[in-house]
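# Tertiary structure, described
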Amino acid sequence: MKRTKMPTLEIGGKVALPASKSLSNRALVMNALAPVKAELRGLAECDDTRVMQEALRQTEGRIDVGQAGTAMRFLTALLAGTPGTWVLDGSARMRERPIGILVDALNALGGKVEYAGEAGYPPLRIEGRELPGGEAEMAAGVSSQYASALMMAAPVMQRGLRLRLTGRVVSMPYIRMTERMMGEFGVRVEREGEWICIPRQEYRPPRVYEVERDWTAASYFYELLATARGGRICLTGLRRESLQGDAGQAGLWERLGVRTRFEEEGAWIERRESGECPGQVEWDFRGMPDLVPSFAVACCLRGVRLRFTGVETLAYKESNRLQALVDELGRTGFCLRAEGGMLCWTGEQGEATGGCDLRTYDDHRLAMAFAPLQLALPRVRIEAPEVVGKSFPRFWEEMKKLTGLEARFWRKGKKD
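These notes cover the structure that comes with them. (Residues numbered from 1 in each chain as written. Predicted model: local features only at pLDDT ≥ 70, side-chain atom pairs only at ≥ 80, totals over all residues. Heavy atoms only, no water.)

Moving on, we come to helix H4 (residues 100-108). Within H4 the residues assigned to the buried category are Gly100, Leu102, Val103, Ala105 and Leu106. Residues of H4 that are buried make contact with helix H3 (69-80), strand E5 (113-115), strand E6 (124-128), strand E7 (134-139) and helix H5 (144-153). Gly110 sits one or two positions beyond H4 and adopts a positive phi of about 105°. (Buried < 20%, exposed > 50% of the residue type's maximum accessible area, 1.4 Å probe, protein only. Helix = DSSP H or I, 4+ residues; strand = E, 2+ residues; numbered from the N terminus. Contact = heavy atoms within 4.5 Å.)

Given below as structure tokens:
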């Protein structure tokens, strides 16, 4: 399958980005623990935030978080310290995502969290109580959300928390995000060498808390420009100074010729048609793992060889994103490899297979990352467009507004 030219010379316009679900879910948890509540403005209107809001209204019983991994981790810690009894469950994929590291830490701090199924995985049976707290160690090589969940629950523990993260820490910007947000909600977080120390204290949130626009969602429009023949897009509401680690992506996309300028209404991103492109990009994605799908697709479409490290955690996301990228980009003829903690493409291309109906594995980030493939390759269709509702319900409308093209979809059992 050969790449075709873009249907228009340039792509231009403005994009209304959603609010950050990462910030929204943290704000909801901290507000739930605060004796005096903040007015939360601009919460994300997506499935993950809706699941969290519904769960926080439930006093006891069974809670099904579906695909919402953030809600699973944060609620496990929150409910362990809240009087009551719950069963916390999720989708079939959620039951494959490990949570033993967090459960072990909570039980060591005085919690009573048990497995209602396979040890180490949801569903969980939680008997909530005020947690004594104290010292805990936690392996930080699988998910930063384990540490963030403990940190947010720490101020209401009887003795607070001294947390030591062991091993290679992944997604450190998200831990820093949690720390900075806790400061905005009036909680003191201290550092003592390798320990994160949070004394017992009350949350004192601001009267009003406004949630930032989502920097991760911005990556799909950087990707779009990187693979187009040129253009200029305004990502409204984005600011240079941000709590979100993914705000650092502006420097990454410069490798593919997309430059960022900040103005009052947001971030303007631009790529000139004549922009040069490197032969290969090497990057450590430990701090921005959610950007791997969009940047991998962009490199392939631009013919740029890639060698990504720090991608191990992608095997534990809503799907095994590493294997999914290898399998689905392989259908379009791009022969990637995922091994030894790396994702690589040497430029090798083969014949497209499978009719180019790309599977999304119920993973919103794959669906959005695959979107620009439809503009470059004529027969690509994307499975289950509704999965973008997890973080960006209006994604397809925003893409159509910029490109003027109708996306092409298929669903299991209905490919015609």
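A separate point is the packing of aromatic side chains. All chains considered together, the criterion is met by 14 aromatic pairs. Between Phe395 and Trp396, the aromatic rings sit 5.0 Å apart at their centres with planes inclined by 75°, giving edge-to-face as the arrangement. Just as Phe395 is buried, Trp396 falls in that class too. Clustering of aromatic rings is evident, with ring pairs tying together Tyr220, Phe221, Phe392, Phe395, Trp396 and Phe409. Positioned over the ring face of Trp195 is Arg162, at 4.6 Å from the centre of the ring. For Arg232, the ring lying beneath its charged end belongs to Trp268, and the centroid distance is 3.9 Å. (Phe/Tyr/Trp six-rings, centres within 6.5 Å; stacked < 30°, edge-to-face > 60°. Lys NZ or Arg CZ within 6 Å of the ring centre and 35° of its normal.)

With that settled, the discussion passes to the nonpolar core. In terms of nonpolar packing, the biggest core is built from 72 residues, with Phe221, Ile233, Leu235, Phe308, Leu343, Leu373 and Phe395 touching the most fellow members. Among the elements that make up this core, the one with the highest residue count is helix H7 (residues 215-227) (nine residues). Excluding its chain neighbours within four sequence positions, the residues that come into contact with Leu343 are Val292, Ala296, Leu306, Arg307, Phe308, Val311, Leu322, Leu325, Val326, Leu336, Arg337 and Ala338. Of all hydrophobic cores here, the second largest spans 69 residues; its members include Ala27, Leu79, Ile99 and Met152. (Core = buried A, V, L, I, M, F, W, Y, C linked by side-chain atoms within 4.5 Å.)

On to the packing of helix H1 (residues 21-33) against H5, then. Axis separation between H1 and H5 bottoms out at 10 Å; the angle between their running directions is 25°. The angle between the axes of H1 and H5 places the two elements in the roughly parallel class. In the crossing of H1 with H5, the sense of the turn from one axis to the other is right-handed. Two secondary-structure elements touch here, H1 through Arg26, Val29, Met30 and Leu33 and H5 through Ser148, Met152 and Ala153. (Axes fitted to C-alpha atoms, helices over the stretch in contact; angles between N-to-C directions. Parallel < 35°, antiparallel > 145°, perpendicular 65-115°, else oblique. Left-handed = near helix turned anticlockwise from the far one by under 90°.)

Here we take up the side chain of Gln244. Relative to the assigned elements, Gln244 resides in the loop between strand E12 (231-236) and helix H8 (249-253). A distance of 2.9 Å separates polar atoms of two side chains, one belonging to Gln244 and the other to Glu212. A polar contact of 2.7 Å, which involves the side chain of Gln244, links it to the backbone oxygen of Arg213. Among all residues touching Gln244, those that are not within four sequence positions of it are Ser20, Leu23, Met177, Glu212, Arg213, Asp214, Trp215 and Thr216. (Polar contact = N/O pair within 3.5 Å; in protein donor to acceptor, adjacent residues only side chain to side chain.)

Such coordinate-based values are descriptive only and should not be taken to indicate function.
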